[in-house]
Amino acid sequence: MADAKSAIEYAHKNRERFIKELSEFVKIESISTDDEYKPQIQKAAEWAADHLRKLGIENVKLMPTAGHPVVYGDWLQLPGAPTVLIYGHYDVQPVDPIELWETAPFETTVKGDYIFGRGTSDMKGQVMATLNAIEAIMKTGDFPLNLKFMLEGEEEIGSLHMPDFLSKHGEMFKADFCLNPDAGAISADEPTITYGLRGLAYYEINIYGPKQDLHSGLFGGTVHNPAQVLTELLAGMHDANGTITLPGFYDSVRPVTDQEREASARLPTTPESYLEQTGVPALWGEKEYTPALRVGARPTLEVNGLLSGWTGPGSKTVLPAKAMAKVSCRLVPDQTSAEVHKQLLKYMEQNAPKTVAWEVKDLHQSPWAITDINTSGVRALASAMETVWGKPPLYRREGGSIGVVAMLQETCGVESGLVGCGLPDDNVHSPNERMHLPTWYKNVDAYIHFFFNMK
Ligand code: BES
Ligand code: MN
């Protein structure tokens, strides 16, 4: 019979190889948003599938979707024992601005306690932590539970095809609990269970002016500049307090309860920690809420990108023909992306001037999720974390999104335990992404305890 002690010993002895394997996985440039990287996406899915096979996982296959494939696998040898679904994603975000990387993004570099590379933290490293824990148990005895795997290739683009995929194959992913290590922790010393994620609704706004770029001297003052129109529209989407002005935006936002305010105030996520992590001279946002609540429990509207006119070296006196912005909203209970889409269109109808044409493209959307923390799975995780860190985990709502969490609740009735070794200063989605190795190792140990606690 396997036990946690021998599995943990095995995991500790194999740390160097685990780092090598993570580096191989990171090397594959699986950027899901850019179609040029389709071959690498396929390669990463195959790499993950091969790795599952090496661990002894059965029925491993790449399941096609209308986009990138889902890697499936299972190990169902203990009828009657609980089944844990392991969730992960093998896709990553783009690397630009590439010039700000101090090391090559897809060649991992270990410096001190950190391993650098795109996907080390979000989330190839976090996927490998669960697989390393499973390997350690498999190689030192019999696995105490049944397992299923869902490794997705479109998480970073809003799990675009997951609703359709789950409506066809939902049955295959039924499980007693889903271990989802994509949510990270508050700090290396604070084991964390996340119970809330925000949703996301992502748009592209285009403003079309003259039929082509014009001489700004000959036409400036008589043709409305699309860059000016766009920036005025964007600026009008918040008031001076940072509150969003789309008509009806807060109608279905669930108010923050006093209990939640108190619980959140006890967390070590303070204004000071946000200042330190970001390097900004001062924080910003709705003054009625603490920074932790603004991130965890309040919706936002963010400009993710802007494009118009001349942005190359030197100058060009041009009146641009068009302007484009990428804009996304983080959503909280009980907002839906469909209602936010309507609110954005209404705002544009009410505020866009007659001097231009405009278009709003709906790029993708992910639902918010609140998970049940009173499940046996979350209890097994909490006690595993307490064993490893010597203190019980903190519970928080986090501002990021993981579309599949609500989809698994709705389609398969599966609750997720949201954990992970990612830390707030890992530079996820940014240059110089890194992962804290000591926290990675601790997570492997915690997952080993979790599997035994769950049995
Ligand atoms: N791992 C993150 C989400 C996350 C980060 C959850 C920290 C909790 C704590 C995930 O990979 C991610 O970045 N998701 C995207 C999803 C979006 C494109 C729909 C996000 O939140 O931007
Ligand atoms: Mn991410």
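Everything numeric here is computed off the predicted structure, so don't read it as measured data. (Residues numbered from 1 in each chain as written. Chains lettered and ligands numbered in written order. Predicted model: local features only at pLDDT ≥ 70, side-chain atom pairs only at ≥ 80, totals over all residues. Heavy atoms only, no water.)

### Focus on the site of ligand 1
Next, step 1: Taken together, 17 residues lie around ligand 1, and D122, E155, D182, R330 and H429 are the ones closest in.
Next, step 2: At 2.8 Å from an oxygen atom of ligand 1 is found a side-chain nitrogen or oxygen belonging to D122.
Next, step 3: Separating a nitrogen atom of ligand 1 from a backbone N or O atom of S401 is a distance of 2.9 Å.
Next, step 4: Here the shell around ligand 1 spans two domains, and each of domain 1 (4-197 + 368-454) and domain 2 (199-253 + 299-364) adds at least three residues to it. (Near = heavy atom within 4 Å. Polar contact = N/O pair within 3.5 Å; in protein donor to acceptor, adjacent residues only side chain to side chain. Domains from an automatic or database assignment.)

### A word on the environment of A321
Next, step 1: Here A321 lies in the loop between β12 (318-319) and β13 (322-331).
Next, step 2: The exposure class of A321 is buried, given its relative accessible area of 13%.
Next, step 3: Spatially, the C-alpha atoms of A321 and K211 are 6.2 Å apart, while their sequence positions differ by 110 residues.
Next, step 4: Apart from the residues within four sequence positions on either side, A321 is in contact with I207, Y208, G209, P210, K211, Q212, D213 and P226. (Helix = DSSP H or I, 4+ residues; strand = E, 2+ residues; numbered from the N terminus. Buried < 20%, exposed > 50% of the residue type's maximum accessible area, 1.4 Å probe, protein only. Contact = heavy atoms within 4.5 Å.)

### Quick notes on a nonpolar patch on the surface
Next, step 1: A cluster of nonpolar residues, L275, V280 and L283, forms a patch on the protein surface that exposes about 200 Å² of accessible area.
Next, step 2: Note that V280 resides in the loop between α9 (271-278) and α10 (291-296).
Next, step 3: The partly exposed category is assigned to V280, whose relative accessible area is 36%. (Patch = residues over 30% accessible without salt bridge, like charges linked within 9 Å, V, L, I, M, F, W, Y side chains within 5 Å. Areas by Shrake-Rupley, 256 points an atom, 1.4 Å probe, with all protein chains shown as cover. Salt bridge = Lys/Arg side-chain N within 4 Å of Asp/Glu carboxyl O.)

### Quick word on the domain arrangement of the protein
Next, step 1: When cut into domains, the protein gives domain 1 (4-197 + 368-454) and domain 2 (199-253 + 299-364).
Next, step 2: Computed from C-alpha coordinates alone, the two centres of domain 1 and domain 2 are separated by 35 Å.
Next, step 3: Taken residue by residue, the interface counts 10 residues in domain 1 and 10 residues in domain 2.
Next, step 4: Buried area between domain 1 and domain 2, both sides added, is near 690 Å², and the carbon and sulfur share of it is 58%.
Next, step 5: If you look at where domain 1 meets domain 2, you find 0 salt bridges.
Next, step 6: If you look at where domain 1 meets domain 2, you find 2 residue pairs in polar contact (both at pLDDT 80 or more).
Next, step 7: For the side of domain 1 that touches domain 2, the class distribution of residues is 5 nonpolar, 4 polar and 1 charged. (Buried area = accessible area lost by both parts, 1.4 Å probe. Nonpolar A, V, L, I, M, F, W, Y, C, P; charged D, E, K, R; others polar.)

### What to know about the packing of aromatic side chains
Next, step 1: Throughout the structure, instances matching the rule amount to 10 aromatic pairs.
Next, step 2: For the pair F25 and W47, a centre-to-centre distance of 4.5 Å together with 15° between the ring planes defines the contact as stacked. Taken together, the residues F25 in helix α2 (residues 15-27) and W47 in helix α3 (residues 38-54) connect sequence positions 22 residues apart. Like W47, F25 is buried.
Next, step 3: Centre to centre, the rings of Y114 and F116 are 6.4 Å apart; their planes meet at 55°, and the pair counts as tilted. Both residues of the pair, Y114 and F116, count as buried.
Next, step 4: Taken together, the ring pairs in this structure connect W75, F143, F177, F450 and F451 into an aromatic cluster. (Phe/Tyr/Trp six-rings, centres within 6.5 Å; stacked < 30°, edge-to-face > 60°.)

### Notes on α3
Next, step 1: Taking 1.5 Å per residue, 17 residues should reach 24 Å; α3 reaches 24 Å between its end C-alpha atoms and fits that length.
Next, step 2: Taken together, the buried positions of α3 are I41, A44, A45, W47, A48, A49, H51 and L52.
Next, step 3: Looking at the buried side of α3, the elements it contacts are α2, β1 (58-63), β2 (70-75), α4 (120-138) and β6 (146-152).
Next, step 4: Residue G56 follows α3 closely and has a positive phi angle near 95°. (Expected span 1.5 Å × (residues − 1).)

### What to know about the coordination of the manganese ion (ligand 2)
Next, step 1: Every protein donor of the manganese ion (ligand 2) is listed here as D122 (OD), E156 (OE), E156 (OE) and H429 (NE2), and their distances to the metal cover 1.9 to 2.6 Å.
Next, step 2: Given 6 donor atoms and angles of 54 to 158° at the metal, the environment of the manganese ion (ligand 2) is assigned as irregular.
Next, step 3: All donor residues of the manganese ion (ligand 2) come from one chain, and their arrangement in sequence is D-x33-E-x272-H. Highlighted residues: E156 in the loop between β6 and α5 (162-169) and H429 in the loop between β17 (416-418) and β18 (434-436), separated in sequence by 273 residues.
Next, step 4: Take H429: its relative accessible area is 40%, and that puts it in the partly exposed class. (Donors = N, O, S within 2.8 Å, 3.2 Å for Na, K, Ca; no water. Tetrahedral: all angles 85-135°; square planar, octahedral: opposite > 155°, others 65-115°.)

### A few points about the packing of α4 against helix α14 (residues 437-454)
Next, step 1: Look at α4 against α14: their axes get within 8 Å of each other, and the N-to-C directions meet at 50°. Overall, the two elements α4 and α14 adopt an arrangement that is oblique. Remark: the crossing between α4 and α14 carries right-handed chirality. Taking contact as the criterion, the partners of G125, M128, A129, T130, N132, A133, I134, A136 and I137 in α4 are, on α14, W440, V444, Y447, I448, F451 and F452. (Axes fitted to C-alpha atoms, helices over the stretch in contact; angles between N-to-C directions. Parallel < 35°, antiparallel > 145°, perpendicular 65-115°, else oblique. Left-handed = near helix turned anticlockwise from the far one by under 90°.)

### Thoughts on the nonpolar core
Next, step 1: Judged by nonpolar contacts, the single largest core of 67 residues is most densely connected at I134, L147, W440, I448, F450 and F451.
Next, step 2: Top contributing element to this core by residue count: α14, with 11 residues.
Next, step 3: Residues contacting W440, with those up to four places away along its chain left out, are F18, I19, L22, G125, M128, A129, N132, C421 and M435.
Next, step 4: Ranked by size, the runner-up nonpolar core spans 25 residues in total, among them A325, C329, V356 and V360. (Core = buried A, V, L, I, M, F, W, Y, C linked by side-chain atoms within 4.5 Å.)

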